[in-house]
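# A structural walkthrough
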Amino acid sequence: MPNFKNSRMAEDIKREMTAILRELKDPRIDKMLTIVRADLSGDMSSCKIYVSSFEGIERANESVQGLKSAAGFIKRELFHRLKMRKAPELTFIADNSIERSAEISKKLHDLL
């Protein structure tokens with residue numbers, strides 16, 4: 001049963017993170033940044049958030065730097081929005097899955 005609660009909370013974090021990203025005004029954070037997934041630890045003390053940008057991995061890395069500087073604000077917002085007992089430590093990781101999937105899609109389209 002704890003696994004269900006953990007995965008549900010990870011989905012809630014992902015949903016709220018998407019909303020919080022739209023409110024951030026840091027110019028380093030890409031407007032087209034996407035939350036790929038949120039991995040919440042078993043004891044809910046830490047959460048790895050994977051982000052990807054349509055503009056590539058370099059832009060995603062730059063956005064991660066902006067997110068790291070706003071981590072305190074983001075953590076507080078998550079705490080209040082999700083009514084958690086304790087907010088998890090957030091770790092932001094750049095991911096190039098959107099860029100990679102666009103390349104695969106293009107290659108498949110070229111085959112047809």
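Just so we're clear, the structure is a prediction, and the values are computed from it rather than from any experiment.

### Quick look at the confidence of the model for the chain
Put simply, the chain has an average pLDDT of 89, and 98% of its residues get 70 or more. In the model of the chain, helix 4 (residues 97-111) stands out as the element of lowest mean pLDDT, 84, in contrast to strand 3 (residues 89-94), which has the highest, 94.

### Examining the side chain of Ser53
By secondary structure assignment, the location of Ser53 is in strand 2 (residues 46-53). A polar side-chain atom of Ser53 sits 2.4 Å from a polar atom in the side chain of Asp30. A distance of 3.1 Å separates a polar side-chain atom of Ser53 from the backbone nitrogen of Glu55. Residues in contact with Ser53, not counting those within four places in the same chain, are Asp30, Met32, Leu33, Arg59, Ala60, Asp95 and Ile98.

### Describing a nonpolar patch on the surface
A surface patch of nonpolar side chains, amounting to about 340 Å² of accessible area, comprises Ile104, Leu108 and Leu111. Looking at the element boundaries, Ile104 is found in helix 4. Judged by relative accessible area, Ile104 falls into the partly exposed class, the value being 47%.

### Some details on the pattern of salt bridges
Any two side chains of opposite charge can pair, so long as their charged atoms come close to each other. Counted according to the given criterion, the structure contains 13 salt bridges. The partner of Glu55 in a salt bridge is Arg59, and the shortest N-O contact between them spans 3.4 Å. Residue Glu55 is classed as exposed on the basis of its relative accessible area of 53%. Residue Asp110 is joined to Lys106 by a salt bridge in which the shortest nitrogen-to-oxygen separation is 3.3 Å. Placement of the pair is Asp110 and Lys106 together in helix 4, with a separation of 4 residues, close to one helical turn. For Asp110, a relative accessible area of 52% translates into the label exposed. Several salt bridges share partner residues, and in doing so they unite Asp12, Arg15, Glu16, Glu23, Arg76, Glu77 and Arg81 into one network.

### A short note on the environment of Gly72
Along the chain, Gly72 falls in helix 3 (residues 71-82). A relative accessible area of 52% means that Gly72 is categorised as exposed. Here the alpha-carbon distance between Gly72 and Leu90, two residues 18 residues apart in the chain, equals 9.0 Å.

Scoring rules and cut-offs
Residues numbered from 1 in each chain as written. Predicted model: local features only at pLDDT ≥ 70, side-chain atom pairs only at ≥ 80, totals over all residues. Heavy atoms only, no water. pLDDT = per-residue confidence, 0-100. Helix = DSSP H or I, 4+ residues; strand = E, 2+ residues; numbered from the N terminus. Polar contact = N/O pair within 3.5 Å; in protein donor to acceptor, adjacent residues only side chain to side chain. Contact = heavy atoms within 4.5 Å. Patch = residues over 30% accessible without salt bridge, like charges linked within 9 Å, V, L, I, M, F, W, Y side chains within 5 Å. Areas by Shrake-Rupley, 256 points an atom, 1.4 Å probe, with all protein chains shown as cover. Salt bridge = Lys/Arg side-chain N within 4 Å of Asp/Glu carboxyl O. Buried < 20%, exposed > 50% of the residue type's maximum accessible area, 1.4 Å probe, protein only.

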